[in-house]
Amino acid sequence: QVLLVESGGGLVQAGGSLRLSCAASGRTFSSYVMGWFRQAPGKEREFGAAISWSGDSTYYEDSVKGRFTISRDNAKNTVYLQMNSLKAEDTAVYYCAAVRTYNFPKRHIYEYDYWGQGTQVTVSS
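Let me begin by describing the structure that accompanies this report.

The rules we used
- Residues numbered from 1 in each chain as written.
- Predicted model: local features only at pLDDT ≥ 70, side-chain atom pairs only at ≥ 80, totals over all residues.
- Heavy atoms only, no water.
- Helix = DSSP H or I, 4+ residues; strand = E, 2+ residues; numbered from the N terminus.
- Polar contact = N/O pair within 3.5 Å; in protein donor to acceptor, adjacent residues only side chain to side chain.
- Contact = heavy atoms within 4.5 Å.
- Phe/Tyr/Trp six-rings, centres within 6.5 Å; stacked < 30°, edge-to-face > 60°.

Examined against the element boundaries, Thr 91 turns out to sit in the loop between β8 (78-83) and β9 (92-100). One polar contact links the side chain of Thr 91 to the main-chain carbonyl oxygen of Ala 88, over a distance of 2.9 Å. Only 2.9 Å separates the side chain of Thr 91 from the backbone nitrogen of Val 123, close enough to count as a polar contact. Sequence-distant contacts of Thr 91, defined by excluding residues within four places in its chain, comprise Ala 40, Pro 41, Gln 120, Val 121, Thr 122 and Val 123.

Here's what the structure looks like:
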């Protein structure tokens, strides 16, 4: 069992930045592929970014590529999402997700086993 807790969401103006964090419980964090998803009001949850167990590989959805950066610190059991040049359309609840695997990438909801409770990001235009 892995518990994921996101933090760092909030209200920011368009063009601004936020860094989300996701703290994971357990002693095998480095065995997990981690992902960030988001869900805007009235829309389905969608993939944003993923990072391999070692942190050597990353994968991004086209809509965030070049603006968002996913990273991880396995010593701290934490994955991050640095979000720059934020746009109004980035407004959503952001979810951290985990799956224990060495296969990468993982970009579909059904590929992940564990989910956080989400953190709200609101970008004002």
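Before going further, it helps to spend a moment on the packing of aromatic side chains. Two measures describe an aromatic ring pair: the distance that separates the ring centres and the angle between the ring planes. Applying the stated criterion across every chain, the model contains 7 aromatic pairs. Each ring, one from Phe 37 and one from Phe 47, has its centre 5.5 Å from the other, and the planes form 75°; the classification is edge-to-face. In this pair, Phe 37 is assigned in strand β4 (residues 32-39) and Phe 47 in strand β5 (residues 46-51), connecting sequence segments 10 residues apart. In textbook terms, an aromatic cluster arises when at least three aromatic residues are bridged by ring pairs, as seen for Phe 37, Phe 47, Tyr 59, Tyr 112 and Trp 115.

That's the geometry; what it means functionally is another story.
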